[in-house]
Amino acid sequence: MQLGVIGALFLSVASSVSIVICNKALMSHLGFPFATTLTSWHLMVTFCTLHAAQRLNFFETRSVDMKTVILFGILNGVSIGLLNLTLGFNSVGFYQMTKLAIIPFTVLLETLFLKKQFSQKIKFSLFLLLIGVGIASITDLQLNFLGTVLSALAIITTCVGQILTNTIQKKLNVSSTQLLYQSAPFQAAVLFVSGPVVDQCLTKKNVFAFKYSPIVLVFIVLSCLIAVSVNFSTFLVIGKTSPVTYQVLGHLKTCLILGFGYTLLHDPFTERNIVGILVAIFGMGLYSYFCTQENKKKQQPIDLSISQIKDKEATLLLGGKNMGNQDKESQQDNKKLNRDPIV
């Protein structure tokens with residue numbers, strides 16, 4: 001179980017950092033700005049890949065209520081579109097604030113509706129993490145009414161979507177692969193319809209009129225292939241851990257992307273970025289440590305109960321053997337009495 005979680009976390013970080021670098025090259029250097037439409041292609045390629053895997057019997061499909069799957073897929077598609085609109089109608093700094101607000105809002109929703117308890121230590125570590133990422137990534141804050149409304153809607157839909165990703169997997173006993181396979185077509189459909197409109201609104205360009213050179217097509221295909229791993233690992237991490245842990249992991253990716261941007265793409269890097277990243281990593285370390293300690297405490301009563309059950313079973317077995325031996329001895333004594341003559 002622990003190896004599975006570590007593998008999922010590593011896959012999520014590696015694939016997310018890779019796709020950000022690929023997409024940055026595609027959009028910044030090759031001039032392809034259509035992020036929402038690109039995401040719809042990501043989801044369709046993900047579905048086609050999973051369909052091929054299912055046909056080859058790599059996993060089995062599991063029937064889930066179609067209404068639940070459709071609503072879940074539409075919600076996630078809308079969430080992606082709103083996040084892209086938030087970036088388009090707000091400054092980069094306010095967009096980063098929006099992403100930071102997802103963690104506390106997720107904690108609030110899980111506490112109110114799922115009755116989940118977060119210790120003060122966990123809250124403190126999350127606070128440090130958010131402060132660190134804020135210092136490292138927020139440079140300007142420019143507010144406007146439409147951007148603020150879009151930001152609020154993006155936070156709500158993202159939080160609810162990620163909580164449902166975890167809840168559906170556990171309540172309906174479906175794997176991350178099964179849920180992604182069934183919901184990906186509906187997410188892709190929402191973005192197929194809305195993507196060109198959203199991109200036209202944000203970039204003032206038409207995705208269908210863009211001149212696709214061979215190098216642009218190569219990067220689009222590469223981005224779609226990496227996205228299969230990104231989408232799969234997202235559902236896997238949320239299912240195996242929690243929405244909050246996934247968001248913490250997302251901020252680790254932000255720190256790594258800032259570092260890779262400096263080393264590989266020569267993006268500007270200041271002392272503020274370094275301090276922020278160090279504070280964020282310290283907060284992540286505390287969060288990981290406190291989560292591990294709390295999981296151990298939760299596991300101890302289970303281990304004790306299992307050992308107690310084993311002790312009771314052993315006692316019953318021993319008792320049964322002793323009773324069996326006593327019965328055999330009494331039967332042998334009765335046989336002797338029956339054989340002895342009466343004087």
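Every value quoted in this text rests on a predicted model; they were computed, and no experiment measured them.

Of the regular secondary structure elements, the protein holds 10 helices and zero strands. In sequence order, the secondary structure elements of the protein are arranged as α-α-α-α-α-α-α-α-α-α. Across the 343 residues that make up the protein, the buried fraction comes to 41%. Within the protein, contacts between residues separated by at least 24 positions form 88% of all contacts whose residues are at least 6 apart in sequence. Counting every atom, the protein has about 19,700 Å² of accessible surface; 67% of that belongs to carbon and sulfur.

In total, this model carries one salt bridge according to the counting rule given. Here Glu110 and Lys116 are joined by a salt bridge, their closest N and O atoms 3.9 Å apart. Judged by its relative accessible area of 3%, Glu110 is buried.

Quick look at the UniProt feature "transmembrane region" (unreviewed entry) in the protein now. The positions UniProt marks with the feature "transmembrane region" (unreviewed entry) are residues 32–52, 64–87, 121–139, 145–164, 215–238 and 272–290. Helix makes up 92% of residues 64–87 and strand 0%, whereas the separation of the span's terminal C-alpha atoms amounts to 34 Å. For residues 215–238, the helix share is 100%, the strand share is 0%, and the end-to-end C-alpha distance is 34 Å.

Taken as a whole, the second largest pocket spans an internal volume of roughly 1,300 Å³. Contributing elements (two or more residues each) for the lining of the second largest pocket: helix H1 (2–29), helix H6 (145–171), helix H8 (214–240), helix H9 (243–263) and helix H10 (271–339). With nine residues, the single largest contributor to the lining of the second largest pocket is H10. Tallied by class, residues from the lining of the second largest pocket come to 16 nonpolar, 11 polar and eight charged.

For the protein, per-residue confidence averages 84 on the pLDDT scale, and residues scoring 70 or more make up 84% of the total. When pLDDT is averaged over each helix and strand of the protein, the minimum, 68, is found for H10 and the maximum, 94, for helix H2 (residues 35–55). Across residues 335–343 the pLDDT falls below 50, and counting only partners more than four positions away or on other chains, this stretch makes zero contacts in the model.

What follows covers the packing of aromatic side chains. Two numbers describe a pair of aromatic rings. These are the distance of the centres and the angle of the planes. In the structure shown here, the tally under the stated rule is 10 aromatic pairs. Relative to Phe210, the ring of Phe34 has its centre 5.8 Å away and its plane inclined at 85 degrees; by these criteria the two rings are edge-to-face. Of the two residues, Phe34 is situated in the loop between H1 and H2 and Phe210 in the loop between helix H7 (176–203) and H8; the sequence distance between them amounts to 176 residues. An identical accessibility class is assigned to Phe34 and Phe210; each is buried. Centre to centre, the rings of Phe59 and Tyr181 are 5.6 Å apart; their planes meet at 75 degrees, and the pair counts as edge-to-face.

Bringing a nonpolar patch on the surface into the picture now. On the surface, Leu108, Leu112, Phe113 and Leu114 cluster together into a nonpolar patch covering about 420 Å² of accessible area. The topology assignment puts Phe113 in helix H4 (residues 92–113). Classification of Phe113 as exposed rests on a relative accessible area of 64%.

The next subject is the environment of Lys211. If you trace the backbone, Lys211 turns up in the loop between H7 and H8. The class for Lys211 is exposed, based on a relative accessible area of 77%.

With respect to the helices and strands, Gln96 occurs in helix H4. Residue Gln96 is classed as buried on the basis of its relative accessible area, which comes to 13%. If near-sequence neighbours (up to four positions away) are discounted, Gln96 is found in contact with Ser137 and Ile138.

For any two helices packed against each other, the geometry comes down to the angle between their axes and how far apart the axes lie. Interhelical geometry of H2 versus H8 gives an angle of 65 degrees and a closest axis separation of 8 Å. For the crossing formed where H2 meets H8, the hand is right-handed. Facing Leu38, Trp41, His42, Leu43, Val45, Thr46 and Thr49 of H2, the residues of H8 in contact are Ile220, Ser223, Cys224, Ala227, Val228 and Asn231. Its residues assigned to classes, the contact of H2 with H8 shows eight nonpolar, five polar and no charged.

Residues Leu126, Leu129, Val244 and Val248 are the most contacted members of the largest nonpolar core, which totals 21 residues. Every element with two or more residues in this core is listed here: H4, helix H5 (120–137), H9 and H10. Ranked by residue count, the leading element in this core is H5, at seven residues. Once residues lying within four places of it in the same chain are set aside, the contact partners of Val248 are Ile103, Leu126, Leu129, Met284 and Tyr287. Formed by 13 residues, the second largest nonpolar core is a distinct cluster that contains Val64, Val69, Ala184 and Phe235.

The rules we used
- Residues numbered from 1 in each chain as written.
- Predicted model: local features only at pLDDT ≥ 70, side-chain atom pairs only at ≥ 80, totals over all residues.
- Heavy atoms only, no water.
- Helix = DSSP H or I, 4+ residues; strand = E, 2+ residues; numbered from the N terminus.
- Buried < 20%, exposed > 50% of the residue type's maximum accessible area, 1.4 Å probe, protein only.
- Contact = heavy atoms within 4.5 Å.
- Areas by Shrake-Rupley, 256 points an atom, 1.4 Å probe, with all protein chains shown as cover.
- Salt bridge = Lys/Arg side-chain N within 4 Å of Asp/Glu carboxyl O.
- UniProt positions renumbered as here; feature names shortened; annotations may be inferred.
- 1 Å grid on protein atoms, 1.4 Å probe; cavity = no way out; pocket = protein on both sides within 12 Å on 5 of 7 lines; lining within 4 Å.
- Points joined across faces, edges and corners; volume = space filled by probe spheres on them.
- Nonpolar A, V, L, I, M, F, W, Y, C, P; charged D, E, K, R; others polar.
- pLDDT = per-residue confidence, 0-100.
- Phe/Tyr/Trp six-rings, centres within 6.5 Å; stacked < 30°, edge-to-face > 60°.
- Patch = residues over 30% accessible without salt bridge, like charges linked within 9 Å, V, L, I, M, F, W, Y side chains within 5 Å.
- Axes fitted to C-alpha atoms, helices over the stretch in contact; angles between N-to-C directions.
- Left-handed = near helix turned anticlockwise from the far one by under 90°.
- Core = buried A, V, L, I, M, F, W, Y, C linked by side-chain atoms within 4.5 Å.

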